[in-house]
Number of protein chains: 2
Amino acid sequence: MHKWVYSFGAGKAEGNAKLISLLGGKGANLAEMCNLGLPIPPGFTITTEVCAEYYKEGENFLGSLKADINSAILKMESLVGRNFGDSKNTLLVSVRSGARASMPGMMDTVLNLGLNDSTVEGMATQTGDARFSHDSYRRFIQMYGDVVLGINGQDFENILDLYKQENGYRLDTEMTYVDWSYIINSYKELILLNVGKPFPQDPQEQLWGAIQAVLDSWMNPRALTYRKLHDIPDEWGTAVNIQSMVFGNMGEDCATGVAFTRNPSTGEKAVYGEFLVNAQGEDVVAGIRTPRPLSSDNISPSNYINDSMESDFPKIYSDLCSIMQHLEVHYQDMQDIEFTVQKGKLWILQTRAGKRTAKAALKIAVDLVDEGLIKKTDAILRIDPSSLDQLLHPALDPNAPRVILGRGLPASPGAATGIVVFTAEQAEDLAAKGNSVILVRAETSPEDIHGMHAAKGIVTSRGGMTSHAAVVARGMGRPCVTGASDLKIDSANRTLSIKGETISDGDIITVDGSRGEIIKGEVSTIPPDFTGDFGTIMDWADSYRQLRIRANAETPSDSNVALAFGAEGIGLCRTEHMFFESDRIIAMREMILSQTINERREALQKLLPMQRADFLELFKILKGLPITIRLLDPPLHEFLPKSESEIHELAKSTGISEQTLRARAADLHESNPMLGHRGCRLGISYPEIYDMQARAIFLAISDAIQEGLVVNPEIMIPLAITKKEIEIISVLIEKAALDVEKSKNISLEYELGSMIELPAAALAAEKIAEIAEFFSFGTNDLTQTTLGLSRDDTASFADCYEKAGIFSHDPFIQLDQSGVGELIKIATERGRRKRRDIKIGVCGEHGGDPKSIEFFHNLGLQYASCSPYRVPIARLAAAQAALNSKTKSV
Amino acid sequence: MHKWVYSFGAGKAEGNAKLISLLGGKGANLAEMCNLGLPIPPGFTITTEVCAEYYKEGENFLGSLKADINSAILKMESLVGRNFGDSKNTLLVSVRSGARASMPGMMDTVLNLGLNDSTVEGMATQTGDARFSHDSYRRFIQMYGDVVLGINGQDFENILDLYKQENGYRLDTEMTYVDWSYIINSYKELILLNVGKPFPQDPQEQLWGAIQAVLDSWMNPRALTYRKLHDIPDEWGTAVNIQSMVFGNMGEDCATGVAFTRNPSTGEKAVYGEFLVNAQGEDVVAGIRTPRPLSSDNISPSNYINDSMESDFPKIYSDLCSIMQHLEVHYQDMQDIEFTVQKGKLWILQTRAGKRTAKAALKIAVDLVDEGLIKKTDAILRIDPSSLDQLLHPALDPNAPRVILGRGLPASPGAATGIVVFTAEQAEDLAAKGNSVILVRAETSPEDIHGMHAAKGIVTSRGGMTSHAAVVARGMGRPCVTGASDLKIDSANRTLSIKGETISDGDIITVDGSRGEIIKGEVSTIPPDFTGDFGTIMDWADSYRQLRIRANAETPSDSNVALAFGAEGIGLCRTEHMFFESDRIIAMREMILSQTINERREALQKLLPMQRADFLELFKILKGLPITIRLLDPPLHEFLPKSESEIHELAKSTGISEQTLRARAADLHESNPMLGHRGCRLGISYPEIYDMQARAIFLAISDAIQEGLVVNPEIMIPLAITKKEIEIISVLIEKAALDVEKSKNISLEYELGSMIELPAAALAAEKIAEIAEFFSFGTNDLTQTTLGLSRDDTASFADCYEKAGIFSHDPFIQLDQSGVGELIKIATERGRRKRRDIKIGVCGEHGGDPKSIEFFHNLGLQYASCSPYRVPIARLAAAQAALNSKTKSV
């Protein structure tokens, strides 16, 4: 018989942490903790296989599980000493999702299940606390109504709010047993009205409804979005955990909370977490009440109530600390633990690897190596390369003047400046139009995920350091300030006011998530710091990786940034960028507008000394590191003015009539410029352009040599289809080299190579390698041509394509391995067939994407080149690829 | 020792016709004819290998041949009984090029070589004809000066013209020995002035100069152009033929001429040709004097001088006829023969397969089979499929009224209407802009080739049926009228006048090359005739070919034409073409402009019955032949109006403001529409469009079934990248089919397939074949994406690319086999791997190109689809491919 259900409790479990794919993270860790002898309320886990079967077979499949689940309930009953549905001595359970990867708040949970009109009275009698049992009952009805029966949770809140208002109550704690009974009846009426059936009194019916709701929630839109954002396959499915309830809301000796074994913002080794007295777990995560800190060290001067668990509940605190220590050593990683204190007894409800900021991730990884808990290679593999992005951008200058509007909790570090928006939809809309936005909400919920993703920073007026907003923002690497309680949000009028100052929809604010500050306008920034843990991890990564990392850069400032980030050269120097500066664009336009080849040559002669100086400056910065110089690539019309005023100005400055300018622009117009007269096609039709560029390069080399510099230039020809183009241009370049060698009486060394960015070129790689000494895959254009997809024109259908699951990832961010990847593989094999040790690299955007880097590493390419700010990401990803391929090959 | 030189003469030759690659066409046939015992002036051939070595090793290589050539000259001297350079009894020679493929007039020739101040006098004494010897000498100096020394031939003509004018001469025949001596001196002065050295007197120096000039002429621009047009590889090289001179210009019992064994215009079996009394060969071909016909049957009422060779020289005529018969039987093909009569003796100077019109080619092939000279398969393989194009277009209606401006010789059949132009450059310029042009020249020369190619028809005022213009026009399939002597051309003012009527540059005329008429304006046309020889060859072709031929068509008229041309179905029905008609475009635009999905559905509902009726009509025409219906492909902006007046009109008719219309158009604008929101991307983002189309197809099938028709529909999804897109759309289509099946209570049969037009799709073919029941290669888009080349944007550099030899052919006409072809091969293999008998065809332009068809046949594809007018070409090409692959496999 297939095992669909795994029990745990009282120091023994059928599962363990290794069964994570089967039991989900929560279930596997509950089993593991049970086996470790920790205080875990007994329960059982329905496996992820059930979820898969359920989506294959439908509801009927669940019927076949009845016997297994009943026997698991019996085991639980005997361990707890209560019976499910027993009116005198009832067992209540929680029903929770638990997928292989953590998806916080994305799926559904039902607590206090098993209560009905009869068991609520039995519980009142047994606990002697009718208020507690009725409070639990109304919580259950509300949660069940929302999660299982699909009634808007706000409808329940409205009933409660109205009742409190009518009765002059401010806090839930003012509600008595009688008040709750009234609320229970109102809730039951709401349900009857909405679903046409009374609230189910049968605990078995309740249980099966909840199980099915949890399974269904795997496919709800926010879960789908979350999985898409985090690359979690739909096939994994969720487990369902059914566990006996413990209560943090049975009185002032009860509590519930969340504990991190290290600070998830900074990585510091310290007890970090929050708790609420007399509350259930959902109250902490939902961020409705601002909770208290666990450790006395954690107390912040402003928003916290100054009573820590350490000071108020020293025994429980010390028990919790020793369990935290135990779990961290056992799992060899920072843990995020949920606990409940029931009548002074500590229960652990969950442990998992804690989400952390990139900064914390680096510190924790380095510290765990120092503490001897993990190896350097583990440390490297634990850091998500993409997360480093958080650390690579300028931070707010601590010494710059700030107009601080208000303060909250420093929930997720970093800083961001943007336009204030008040809804997730607005955030997404404006971000799609290229704006930086800051999302301001009273609190966030899973429905806001897409807006949080679109926003550069998040502010909430409610919630603590472990509220939904805080957890999600840290996961996404967005700076976030939570619990900024001075903040008054007027959603209707789209304004917020803090201390008398009103900020409207569209105003600009800055969020400092490290300090917990909300600042008016912009603040000046300072460059990031790459020493410390960051530097340590990077050094380790460099010692393992094989792929060299270069940067795409052409300006001195970009090149300097790239080298500071550890780039080992420039993999793509787009010479055309040098033509856009104001003094050059004039000569460039003269060149384009010239009527005769002599006029064109004259204009080019003006550009030559500028290019020569540019190259020399880059050679100086690079100090002998390689630089791949790509000859002119974009179509000439890109250099002509577009707007009427610019045309007018150009006409004035050149003396060419506006009419002629427009005619020339019309001449150059192309239906599909991406596939038009660009790349080496320009070099073939206007050889004088490439000739000028080649001479500028060679003269700059000669200048560099005279200054005693070492140079390592690679000249790259873009957009070739055939070997013939490379051949023609190589002759032209060699001629320029010979001329400079003769005139300067020196010997020039350079390599000549081809971009491979068209399918035809990939297929012709063996021929091209007869001349090309290196290949560089231009994965942007190769993606455009292989998929027949213009990067500039996907907006109108990208959304449909994403929703339909046609691409598992945006192919312009993560390499399409099956199509584009196969062409890269073919070209690599063929290139090597002709020229065994041909140098092969990548210079498209994908050079900075971790998954793509793994692909390039596995193909044995020599280097990947990416934007300067992605260099550290690429270095780490390359190290991970090397380590992963080693593991696989062992 | 390597053999570089092959001698022939007196009934014996070292070579033969099989050595054509080594000896060139002329040399191989001279050897062959020698062996046949025909009267051939002795000589020798320098092989094409010498040409190759010359281009590799340079001039020095020629030095090493001296001994071989001297010994060949000795042989020739002993056969002729004269000595090269002997001042008493001199041997004169001709030096002619001779490539493997005929390149008439493209390369250089020098006649009368060996004459100098001393031999000319010896020859005068020996022949007793000082006028003749001096005429020959001046001809030699002029030719040598032009060909070897590079002096403009016109400069020599000017000297002669001036002299004649000063002395009141009209014809060359009026010039005496003294006159020619004067001219000789003037020519020598011209040479001294131009090259700074006197005209070479040493016959050896003359000979080597001429040999080198002939070798050099292989790479002259007009030869390069000709080879490009005729697919002749540069590597072949030319042989050099050195042959003892015979003279057609020694008096009234001398003549020179050209004879065809059958009529090259019509294919009729009849002696066809021309001669000039007392002339050298170049005079006939150059078209300067209008020559006389060979046969009395050939005399035309208008322009011919009425004395045929048959009537005036019956003995020579009968010798010539028997040699012609001998050669035709020997070579099993119609021959084009050059001959010279010297003092009543007939000499044969050349034979080769005669160029012929498509009509003549068909008739000759069929006749030769009937006469038992060749097999059917030979007949099929002898017709150039592309040449059929001449026969597939409407001809002038013989009964339509014509305003005949003038008449000339019917030099190349067919008719064309176009704008009059007077220079090759103008012809090329205007044709490049999409105009039909008629090139009008006094006579044409090899420099005009590019203009003749660009023109739709050619008219000359001079020259005969075998003049340069006539030969080239027939080869190119351009209608041509030559020798229209009433025509007065005023090149300076760009006008021509005939019989008082003046036609200017830009006026429209019609050329009827079959009748020899020049007609004012346009003439109405009648459809072509596909019976007779055409039908016979097509029937034979059909019996051998394996590839099915379909047509790209969507209108009833195109479909009818296609079937009349022998199409076996429709391979590409572009449904969007159905939306452009005036009543549909309105609904289409409503659909595009709709704000809501309901508005869009409403507009689509209007289109549905129109599409349904369209499909039903096609089903009726096709009578059960397959039809591949492609769902909507182009981006929606193609359907919106572009001009201000159209926008204004649309605004008025829809009630939508112009501003909104412009905004929507701007919304839909794409940077690279070829790679944009089109093809099945429309079907994914607007499923209701494809749903409407699917329903229209299924309802039309149901209508057809009810009318008792057989239908064979294939529904084709365009521009898929992945299997997933095909999957999503197939679900939608199946749903529509089920709905129609249910509502009409019938069972629908159809196939569902995918276009393969993106490299990614080609690579994913195995996956796509899981769903797709057929593939159709869209080779246009596959070429654009594989080569990264927009068909609409190549104009600005195509010329440079062609000149640089980057593409051996225009890849949008002839399939790029190495790049695009490899992807097609990969997709075919992978598709078959998943679905062994998957139906695979081609529907891009290449489906009508013979070379590409051969490639598709060899891959074992099931069908190729092309434009209706190319169907017969495709049928013949497919038969040739089948025969060629059989030969290869044997």
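Rules behind the numbers
Residues numbered from 1 in each chain as written. Chains lettered and ligands numbered in written order. Predicted model: local features only at pLDDT ≥ 70, side-chain atom pairs only at ≥ 80, totals over all residues. Heavy atoms only, no water. Disulfide = S-S within 2.5 Å. Buried < 20%, exposed > 50% of the residue type's maximum accessible area, 1.4 Å probe, protein only. Helix = DSSP H or I, 4+ residues; strand = E, 2+ residues; numbered from the N terminus. Pairing = 2+ DSSP bridges. Least-squares fit on C-alpha atoms with pLDDT ≥ 70 in both. Contact = heavy atoms within 4.5 Å. Phe/Tyr/Trp six-rings, centres within 6.5 Å; stacked < 30°, edge-to-face > 60°. Polar contact = N/O pair within 3.5 Å; in protein donor to acceptor, adjacent residues only side chain to side chain. Axes fitted to C-alpha atoms, helices over the stretch in contact; angles between N-to-C directions. Parallel < 35°, antiparallel > 145°, perpendicular 65-115°, else oblique. Left-handed = near helix turned anticlockwise from the far one by under 90°. Nonpolar A, V, L, I, M, F, W, Y, C, P; charged D, E, K, R; others polar. Core = buried A, V, L, I, M, F, W, Y, C linked by side-chain atoms within 4.5 Å. Salt bridge = Lys/Arg side-chain N within 4 Å of Asp/Glu carboxyl O.

Let's shift gears to the state of the cysteines. Considering all chains together, one arrives at zero disulfides over all chains under this definition. Counting only cysteine sulfurs, Cys 800 of chain A is the nearest neighbor of Cys 680 of chain B, a cysteine outside any disulfide, at a range of 12 Å. With relative accessibility at 0%, the residue Cys 680 of chain B sits in the buried group.

With that out of the way, let us pick up the pairing of strand 6 (residues 238-244) of chain A. Residue and element names in this part refer to chain A. Burial within strand 6 is extensive, with seven of its seven residues counted as buried. Judged from the four bridges that link them, strand 3 (residues 43-46) and strand 6 form a sheet pairing that is antiparallel. When the sheet's bridge partners are listed, Phe 44 is paired in strand 6 with Ile 242.

A separate point is the relation of the copies chain B and chain A. Mapping chain B onto chain A calls for a rotation angle of 179° and an axial translation of 0.1 Å; the resulting RMSD is 0.2 Å. The transformation relating the two chain copies, once decomposed into turn and shift, fits a two-fold axis. For chain B, the smallest separation between a C-alpha atom and the rotation axis is recorded for Asn 672 of chain B, amounting to 2.1 Å. Most of the interface of chain B is mirrored in chain A, where 100% of its interface residues are also at the interface.

Here the focus is the packing of aromatic side chains. Residues and elements named next belong to chain A. Tallied over the full model, the rule gives 40 aromatic pairs over all chains. Residues Phe 132 and Phe 247 carry aromatic rings whose centres are separated by 5.1 Å and whose planes lie at 85° to one another, so their mutual orientation is edge-to-face. One end of the pair, Phe 132, is in helix 6 (residues 130-147); the other, Phe 247, is in the loop between strand 6 and strand 7 (255-260), and 115 residues separate them in sequence. Relative accessible area serves as the criterion here: at 1%, Phe 132 is assigned to the buried category.

Inspection of the secondary structure puts Asn 220 of chain A in the loop between helix 9 (203-217) and helix 10 (221-230). Engagement of the side chain of Asn 220 of chain A in a polar contact is seen with the backbone nitrogen of Ala 223 of chain A, the distance being 2.7 Å.

The next point concerns the packing of helix 1 (residues 20-35) of chain B against helix 13 (residues 314-331) of chain B. Residues and elements named next belong to chain B. In the contact formed by helix 1 and helix 13, the axes pass within 12 Å of each other and the chain directions differ by 110°. What the angle tells us is that helix 1 and helix 13 run roughly perpendicular. Note on packing geometry: the crossing formed by helix 1 with helix 13 is right-handed. Packed against helix 1, whose contacting residues are Asn 29, Glu 32 and Met 33, the element helix 13 presents Leu 327, His 330 and Tyr 331 at the interface. When its residues are assigned to classes, the contact of helix 1 with helix 13 shows three nonpolar, two polar and one charged.

Another point: the sheet that holds strand 6 of chain A. Residue and element names in this part refer to chain A. Pairing is antiparallel in the open sheet, where six strands are placed in the order 2-1-3-6-4-5. Across the chains shown, the open sheet's two edge strands, defined by having one partner strand only, are strand 2 (12-13) and strand 5 (109-113). The sheet contact formed by strand 4 (residues 93-99) and strand 5 spans three bridges and is antiparallel. Residue pairing across strands places Val 93 opposite Leu 113, the latter belonging to strand 5. Sitting on the sheet, helix 4 (residues 66-80) is in contact with strand 1 (5-9), strand 3, strand 4 and strand 6, with an inclination near 0° to strand 1.

In this structure, Phe 698 of chain A together with Phe 698 of chain B are the most contacted members of the largest nonpolar core, which totals 380 residues. Among the nonpolar cores identified, the runner-up in size contains 65 residues, and Ala 72, Val 120, Ile 151 and Met 250 of chain A belong to it.

Evaluation of the coordinates by the stated rule reveals 104 salt bridges over all chains. Asp 135 of chain A is the partner of Arg 139 of chain A in a salt bridge, and the nearest nitrogen-oxygen pair spans 3.4 Å. You can see Arg 139 of chain A and its partner Asp 135 of chain A sitting in helix 6, four residues apart, about one turn around the helix. We note a salt bridge from Glu 751 of chain B to Lys 839 of chain B, for which the minimum N-O separation is 3.4 Å. In this pair, Glu 751 of chain B sits in strand 29 (residues 751-756) while Lys 839 of chain B sits in strand 31 (residues 839-842), placing the two residues 88 residues apart along the sequence. Given the relative accessible area of 23%, Glu 751 of chain B is considered partly exposed.

Facing 42 residues of chain B, the contacting portion of chain A comprises 42 residues. As a salt-bridge pair, Glu 822 of chain B and Arg 830 of chain A come within 2.4 Å of each other at their nearest N and O atoms. Remark: the boundary between chain B and chain A carries 22 residue pairs in polar contact (both at pLDDT 80 or more). Only helix 25 (680-685), helix 27 (723-744), helix 28 (759-763), helix 30 (779-787), helix 31 (795-803) and helix 32 (820-834) of chain B provide two or more residues apiece to the side of chain B that touches chain A. Grouping the amino acids of the side of chain B that touches chain A by side-chain chemistry returns 20 nonpolar, 14 polar and eight charged.

The next point concerns the environment of Asp 529 of chain B. By the element assignment, Asp 529 of chain B lies in the loop between strand 24 (525-526) and helix 19 (532-544). Residues Asp 529 of chain B and Gly 805 of chain B, spaced 276 residues apart in sequence, show a C-alpha to C-alpha distance of 39 Å.

Remember, this is a structural readout, not a statement about activity or role.
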